[in-house]
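Remarks on the overall topology
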Amino acid sequence: MEKQPLPTDDDRIGNAESEVNGYAGEQSQQASSEPAARAGWNSKIEYFLAQVGFSVGLGNVWRFPYLCHQNGGGAFLLLYVLLMLVVGIPLFFLELAAGQAIRQGSIGVWKYISPKLAGIGYSSCVVCFFVALYYNVILAWSLFYLGNSFWYPLPWEQCPEQGNVTVQECEKSSPTSYFWYRKALDITDSIDEKGSFNPNIIYCLLAAWTIVCLGMFKGIKTSVKVMYFSSIFPYVVLFCFLVRGLMLDGALDGITYMFYPKLKIWADVQVWRQAATQVFFALGLGFGSIIAYSSYNPRNNNCHRDAFTVSAINFLTSLLATLVVFAVLGFRAKNKVIECVVGNIKQLTVQINSGYIHHTMMPSFNYSDPSSVGVDYYKVWFKQHGNSVTGNLTDCDLEKEMQKGVEGTGLAFIAFTEAMSLLPGSPFWSALFFLMLLNLGLSTMFGTMEGILAPLRDRFKTLQNNKTKLTIFSCIIGFLIGLLFTQRSGNYFVMMFDDYSATLPLIIVVVFETFSVSWLYGADRFLDDIEAMLGWRPHIIYKYLWKYICLLAMLGLLLATTVYMIIKRPTYMAWNEATASEERLPYPSWALAVLALLILFAMMPIPLAFIHSLLQDRVKRSSRDREIGQYSIVSTEENRETPMTDMSELNQRNTGANSLS
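Fair warning: this is a prediction, and the values are worked out from it, not measured in the lab.

This paragraph deals with the overall build of the chain. The helix and strand tally for the chain stands at 28 helices and 2 strands. Residues counted as buried form 56% of the 661 residues belonging to the chain. Only carbon and sulfur atoms are counted for the fraction: they give 61% of the accessible area of the chain, which is about 28,500 Å².

Among the secondary structure elements, cysteine 396 is positioned in the loop between α17 (375-385) and α18 (398-402). Relative accessible area serves as the criterion here: at 6%, cysteine 396 is assigned to the buried category. When the C-alpha positions of cysteine 396 and valine 375 are compared, they lie 8.2 Å apart, and in sequence the two are 21 residues distant. Ignoring any residue separated from it by four or fewer positions in sequence, one finds cysteine 396 in contact with Val337, Cys340, Val341, Asn344, Tyr378 and Lys379.

Scanning the model with the defined rule gives 1 disulfide in all. Covalently, cysteine 159 is tied to cysteine 170 through a disulfide, its sulfur atoms 1.9 Å apart. Every disulfide takes its handedness from the sign of the S-S torsion; for cysteine 159 and cysteine 170 that torsion is -85°, giving left-handed. Residue cysteine 159 is located in the loop between α7 (118-148) and α8 (168-172), and its partner cysteine 170 is located in helix α8; the two are separated by 11 residues in the primary sequence. The class for cysteine 159 is partly exposed, based on a relative accessible area of 23%.

A separate point is the packing of aromatic side chains. Here a ring pair, both rings aromatic, is described through the centre-centre distance and the interplanar angle of the planes. Per the counting criterion, the structure on display carries 45 aromatic pairs. Ring geometry for tryptophan 180 and phenylalanine 413: centres 4.6 Å apart, planes at 5°, overall stacked. Of this pair, tryptophan 180 sits in helix α9 (residues 175-184) while phenylalanine 413 sits in helix α19 (residues 408-421), and the two are 233 residues apart along the sequence. Neither tryptophan 180 nor phenylalanine 413 differs from the other in exposure class; each is buried.

Okay, helix α27 (residues 605-627) next. Residues spaced three or four apart along an α-helix point in a common direction, a consequence of the helix completing one turn every 3.6 residues. Taking 1.5 Å per residue, 23 residues should reach 33 Å; α27 reaches 32 Å between its end C-alpha atoms and fits that length. Residues of α27 that are buried: Pro605, Ile606, Ala609, Ser613, Asp617 and Lys620.

Another aspect to go through is the confidence of the model for the chain. Per-residue pLDDT for the chain has a mean of 82; in total, 84% of the residues score no lower than 70. Within the chain, helix α10 (residues 199-216) carries the highest mean pLDDT (94), whereas helix α1 (residues 16-21) carries the lowest (36). Taken together, the stretch residues 1-37 has pLDDT below 50 and engages in 85 contacts with residues farther than four places along the chain or on a different chain. In the model, residues 632-661 has pLDDT below 50 throughout and makes 38 contacts with residues more than four positions away in sequence or in other chains.

This part covers the pattern of salt bridges. Scanning all chains against the criterion turns up 13 salt bridges. A salt bridge links aspartate 617 to lysine 116; its shortest N-O distance comes to 3.3 Å. Here aspartate 617 is found in helix α27, whereas its partner lysine 116 is found in the loop between α6 (106-113) and α7, with 501 residues between them in sequence. Accessibility classification places aspartate 617 together with lysine 116 in one group, the buried group. Aspartate 186 is the partner of arginine 182 in a salt bridge, and the nearest nitrogen-oxygen pair spans 3.1 Å. A cluster of three or more residues bridged by salt bridges with shared partners is formed by Glu169, Arg182, Asp186, Arg488 and Glu577.

This next bit is on the side chain of arginine 273. Looking at where arginine 273 falls in the secondary structure, it is placed in helix α14 (residues 269-283). Judged by its relative accessible area of 13%, arginine 273 falls in the buried class. Once you skip the residues sitting within four places of it in the chain, arginine 273 turns out to touch Leu557, Ala560, Thr561 and Tyr564.

Further remarks concern helix α25 (residues 541-567). When the terminal C-alpha atoms of α25 are compared, their 37 Å separation across 27 residues agrees well with the 39 Å that a helix rising 1.5 Å per residue should span. Bending of α25 peaks at approximately 30° at the position of cysteine 550. All of the buried residues in α25 are Tyr542, Lys543, Leu545, Trp546, Lys547, Cys550, Leu551, Met554, Leu557, Leu558 and Thr561.

What follows deals with a nonpolar patch on the surface. Together, Phe515, Trp519, Ile540, Tyr544, Tyr548, Ile549, Leu552 and Leu555 make up an exposed nonpolar region whose accessible area comes to about 760 Å². Put simply, the parts of the chain that give the nonpolar patch at least two residues each are α24 (503-534) and α25. Taking the relative accessible area as the measure of exposure, phenylalanine 515 reaches 37% and is therefore partly exposed.

Turning next to the pairing of strand β2 (residues 581-586). Alignment of strand β1 (residues 571-576) against β2, held across 6 bridges, turns out to be antiparallel. Looking across to β2, one finds that alanine 574 is bridged to glutamate 583. Counted along the chain from β1 to the antiparallel partner β2, the turn is 4 residues long, and its residue alanine 580 has a positive phi close to 55°.

Calculation criteria
Residues numbered from 1 in each chain as written. Predicted model: local features only at pLDDT ≥ 70, side-chain atom pairs only at ≥ 80, totals over all residues. Heavy atoms only, no water. Helix = DSSP H or I, 4+ residues; strand = E, 2+ residues; numbered from the N terminus. Buried < 20%, exposed > 50% of the residue type's maximum accessible area, 1.4 Å probe, protein only. Areas by Shrake-Rupley, 256 points an atom, 1.4 Å probe, with all protein chains shown as cover. Contact = heavy atoms within 4.5 Å. Disulfide = S-S within 2.5 Å. Phe/Tyr/Trp six-rings, centres within 6.5 Å; stacked < 30°, edge-to-face > 60°. Expected span 1.5 Å × (residues − 1). pLDDT = per-residue confidence, 0-100. Salt bridge = Lys/Arg side-chain N within 4 Å of Asp/Glu carboxyl O. Bend = angle between axes of the 7 residues up to and from the residue. Patch = residues over 30% accessible without salt bridge, like charges linked within 9 Å, V, L, I, M, F, W, Y side chains within 5 Å. Pairing = 2+ DSSP bridges.

Written out as structure tokens, the structure is:
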């Protein structure tokens, strides 16, 4: 099958009108494939900020450090870099090149390659919409905490009192956990208990969607102005936190613990799965946002260099965030351990004064002054005699403290807030941190929304002519559906969407993208088109990476993720008010049904678009046969129809033959 090359600036074969009318063989196909007044970046810096702002998000701050910590520290970093070089960057380059060459959103790009593949773009839009729904709720939480950061002392520094009695739920847990679960979320004990709506979070969600709408109501021209601040400001904050964090007691302990390599994890298949998934989501593959942003580039833009540059910045940002997180968490853990030692020494003093401790087990340190006892001295004594002493003495292990609350919302809204409350000038550091989270989320939200709006505007002329109305309408719909997450049980739905609504659909989308370019369109032909764009040909290794390594890696990731979801029933972390502690609960059957529907709904456009294209081809063929008297002559191999041949190509050939005759 002989496919046409991707369009050039001087000779671009258009198909926007033919896509709308569903008839690729008519003369309307000669129209431009993109709007005549398509927007573009004012400078390379604008594009760069937008692409980096989208790929660098909240996951770099609270997901990557957790995975690195749980999966072997330095060994995980090496594995992550390997997978990014072999799988992540080639696929990132593929999406950048496709968007820049065809200059359409995700729907237009894949429909241009073959009308049967248009569903890939629609699936990307659906997944982007799912992500936008819950992602903006996280921004609402950040706004809520940002507003509360201007109080002194911070409202999560101390437990509240009712009638001169400390609230029991807070006393059993911690001030930060109590504020998060009870004051911010007012959470239920499980996802089955819906509860009422949380008015504070509703107002914050409305504010979050309003900010997104104002930043995007005129497309990239307005959003990029916001990105000058939202993409750069987080780096300023991270460097400030790094400098301040390294000055804290326990910071080096946290960083050392973080990077201590555990090479045995390379034998664990789940670690490979988690590393590949993190590479996949860190770069934003499959969302369509990369394609949308690159479609505004000039054709001679060096997208190959961009792929390496953005990926490197993404990784270095994750590394910087990891240093900051574990420096601060090391400080927090050291304070917890010191508190633990002081408490245990007080218990030990009571037992010594009561004569319960044998003289052979008497500690050599000054137990009469608990605050003067070093952690190391205590640990040496506890290792020798701790098990022989009655009471609830513990070993006050720094590693155990480091493992508490270091992922996702547990990191941002519990562990990190607790550490900041220990710093002098805690309101300043708290406001800085949540302003950083807000800006990180906004940059990603702009990219996610562009992944929805750009393909729809390119596909439908009516929406192209009503950009502002489309943006406002999308934000209103997003806010109304997002009210689901403002219930008292809303946090459980956020976790459900975050863990399951995007993972499988996005992996499937990228599998189809890779297969479409490398096998259906042809990797060699795609490299030819890139050479025509850039003026030089990328290395032949990309052909084999796209056709074999990347495709097999994505299929393996898809299989591993599916098997993992099947053999391990999906669970979520719930808050038990009675025990004032977290507990992991299995999702109920109705929630599993919702999960399945979300995944199916995101995937349905792919087979539906394929079937729709086949039906259109059949209708066109029947119509053409009737026009020529039900007879057609096929005299060459070139016109032979195969299952993979698009009818648009056959129509073009027949039209050319008729014009010659």
